[in-house]
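# Architecture and fold: a report
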Amino acid sequence: MPEVYTIPLSKIIHELQLETAFLPKSADDILIQSRDVVRPGMELNGYHEYFDPNRIAVLGRAEMYMLVSLKPSRRAMALDSYLSLKPPAVIVARGIDPGKDFMEIAETYHVPVLRTTESTSNVVASLVAYLNVELAPRITRHGVLVEVYGEGILLVGDSGVGKSETAIELIKRGHRLIADDAVEIRRVSSKSLVGQSPENIRHFIELRGIGIINARRIFGMGAVKLQEKIDMCINLEIWDATKVYDRMGMDSEYTEILGIKVPVMTIPVKPGRNLAIIIEVAAMNNRQKKMGYNAAYELLSALGMDASMMPHEEIKRDLDI
């Protein structure tokens, strides 16, 4: 069974700058566990078939004015019917006053009521985006996450292969560190992974022979970033003379993280190789591939070869001079 993550309502109040109209207890003790948000128009009209008690409700102009249009007895019945289901919190948007009867029924059923002057669509969009990150499925991987030319690059490999040293060189070349040693990866959508550092080791890097350094204090705020989308995974491994490494880049290899395929590349490490420059080129090349350009195919076309009609082993042999 998948692990269920929660976030205290206090964090949502702080992030969205919500006004507290009523809290039955401390917002730190009210835990939210659903990434979904509901606008309860159907529920206020008595349809509760698919009601999810874990979803935060957002009431905008349509819902509130619909309630105002009802007779007092019908309005009280609609509010009592819905709030008795005890949604985890209700947010009233556009600065609308929910009214005395609304607040009395909410207090009766201990339902938190929050307010904001933002438009309903903005509240829903901001709330969903925030919850998608905070409540996303996650794993922690050993590695280093850096941003290179806007691409999130996850460096993995055996301990001592040079991941942290490569990250330092990339920082000196103007790129940014997100996480060293432990990378917390979250699946924020069906296509996106976001990585960040655990808070207790954020911005710290371990360099063998030197020890622990704080990248933010040594290189400045411009050298670090809190989180970044993971666009590519690079596996650093000690050079193996018996192994055949990719020389064409025709095929794209992938690794699966939390059910999402991420392009992966293996880069052999040996003395004399400037890994920082190689990773910079890999980041730019990955961006080109995402935009539909592959240099290997252009080379074959310039040589009068049809890559789609030839096995890749044959292409490599014909180009091997």
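Counting starts from 1 at the beginning of each chain's written sequence and moves along it residue by residue. Reporting of local features is limited, given that this is a predicted model, to residues whose pLDDT is at least 70; pairs of side-chain atoms are given and counted only at 80 or more, and all residues count toward the totals for whole chains, interfaces and linings. For the side-chain quantities, the full set of heavy atoms in the structure was used; hydrogens and water were omitted.

### With respect to the confidence of the model for the protein chain
Scored between 0 and 100, pLDDT is the confidence that the predictor attaches to each residue. On average, the protein chain scores 89 in pLDDT, and the residues at 70 or more come to 93%. Here, two residues are considered to be in contact whenever any of their heavy atoms come within 4.5 Å of each other. With pLDDT under 50 throughout, residues 313–321 is counted as low confidence; its partners more than four residues away or in other chains account for 15 contacts.

### Digging into the side chain of His203
The secondary structure listing takes helices from DSSP runs of H or I that are at least 4 residues long and strands from runs of E that are at least 2 residues long, numbered from the N terminus. Of note, His203 is situated in the loop between strand S11 (193–196) and strand S12 (204–207). A distance of 3.3 Å separates the side chain of His203 from the side chain of Arg216, its partner in a polar contact. Each residue touching His203, except ones within four places of it in the same chain, is listed here: Leu177, Ile213, Asn214, Ala215, Arg216, Val224 and Leu226. Any N or O atom pair separated by 3.5 Å or less is treated as a polar contact, with the protein-specific requirement of one donor-capable and one acceptor-capable atom, and with residues adjacent in sequence counted only for side-chain atom pairs.

### Describing the nonpolar core
Among the buried residues, those of types Ala, Val, Leu, Ile, Met, Phe, Trp, Tyr and Cys that are joined through side-chain atoms within 4.5 Å form a nonpolar core. Residue burial is assigned from relative accessible area. The probe radius is 1.4 Å, only protein chains are included, and a residue is buried under 20% of its type maximum, exposed over 50%, and partly exposed in between. Ranked by size, the top nonpolar core spans 27 residues in total, and within it Val146, Ile153, Ile205, Ile234 and Ile279 carry the most contacts. Elements that contribute at least two residues to this core include exactly strand S8 (138–148), strand S9 (151–157), helix H7 (163–172), S12, strand S15 (232–238), strand S17 (260–269) and helix H9 (275–290). The element best represented in this core is H9, accounting for 5 residues. Ignoring sequence-local partners within four residues, the contact set of Ile153 consists of Val144, Leu145, Val146, Val148, Met232, Ile234, Ile279 and Ala283.

### Some points on the layout of surface pockets
The method works on a 1 Å grid over the protein atoms by themselves. A cavity is a set of points holding a 1.4 Å probe that cannot get out, a pocket is an open set with protein on both sides within 12 Å along at least five of seven lines, and residues with an atom within 4 Å of a point line them. Grid points are joined across faces, edges and corners, and a volume is the space filled by probe spheres set on the points. Of the pockets and cavities examined, the second largest pocket occupies roughly 400 Å³. In this structure, the second largest pocket is lined by 16 residues; those nearest its centre are Lys11, Glu134, Arg186, Gln196 and Glu199.

### A closer look at a nonpolar patch on the surface
Note on patches: the residues involved have over 30% relative accessible area and no salt bridge, like charges join within 9 Å, and the nonpolar side chains Val, Leu, Ile, Met, Phe, Trp and Tyr join within 5 Å. Only the protein chains shown count as cover for residues, and the accessible areas themselves come from Shrake-Rupley with a 1.4 Å probe. By convention in these notes, a salt bridge is any Lys or Arg side-chain nitrogen within 4 Å of a carboxyl oxygen on Asp or Glu. On the surface, Tyr149, Ile277, Val281 and Met284 cluster together into a nonpolar patch covering about 340 Å² of accessible area. One can find Val281 in helix H9.

### Here's the deal with helix H4 (residues 72–83)
Look at H4: 16 Å from first C-alpha to last across 12 residues, which is about the 16 Å you get at 1.5 Å a residue. Taken residue by residue, H4 has Arg75, Ala78, Leu79, Tyr82 and Leu83 as its buried positions. Mapping the buried residues of H4 onto a view down its axis gives an arc of 110°, with all of them on the same face. Of the exposed residues in H4, the ones pointing more than 90 degrees away from its buried face are Ser73 and Met77. Packed against the buried residues of H4 are strand S4 (37–38), helix H2 (41–44), strand S5 (56–59), helix H3 (61–69), strand S6 (90–92) and helix H5 (100–108). Take the residue count of a helix, subtract one, and multiply by 1.5 Å to get its expected span. When we speak of the arc, we mean the arc of directions from the helix axis to the C-beta atoms.

### A closer look at the pairing of strand S16 (residues 253–257)
Here, strands pair whenever DSSP counts at least two bridges between them. Pairing geometry for S16 and S17, over 5 bridges, is antiparallel. When the sheet's bridge partners are listed, Glu256 is paired in S17 with Lys261.

### Overview of the sheet that holds S9
Overall, mixed pairing links the 8 strands, which are arranged S14-S11-S10-S8-S9-S15-S17-S16 in an open sheet. The open sheet has two edge strands with one neighbour each: strand S14 (227–229) and S16. Mean inter-strand twist for the sheet, computed between neighbouring axes without regard to direction, equals 40°. In terms of strand pairing, S15 meets S17 through 6 bridges, oriented parallel. Between N-to-C directions, angles cover 0 to 180 degrees, with each direction set by a line fitted to C-alpha atoms, over the stretch in contact for helices.

### Concerning the packing of aromatic side chains
The pairing test for Phe, Tyr and Trp rings, Trp by its six-membered ring, is centres within 6.5 Å, and the orientation test on the planes gives stacked under 30 degrees, edge-to-face over 60, and tilted for anything in between. The final tally for this structure, using the stated rule, is 1 aromatic pair. Each ring, one from Phe51 and one from Tyr82, has its centre 6.0 Å from the other, and the planes form 90°; the classification is edge-to-face. With Phe51 in the loop between H2 and S5 and Tyr82 in helix H4, the pair connects residues that are 31 residues apart, well separated along the chain. Accessibility classification places Phe51 together with Tyr82 in one group, the buried group. Any Lys NZ or Arg CZ that is within 6 Å of a ring centre and within 35 degrees of that ring's normal is treated as a charge sitting over the ring. Over the ring of Trp239 we find Lys270, and its NZ or CZ is 4.0 Å from the ring centre.

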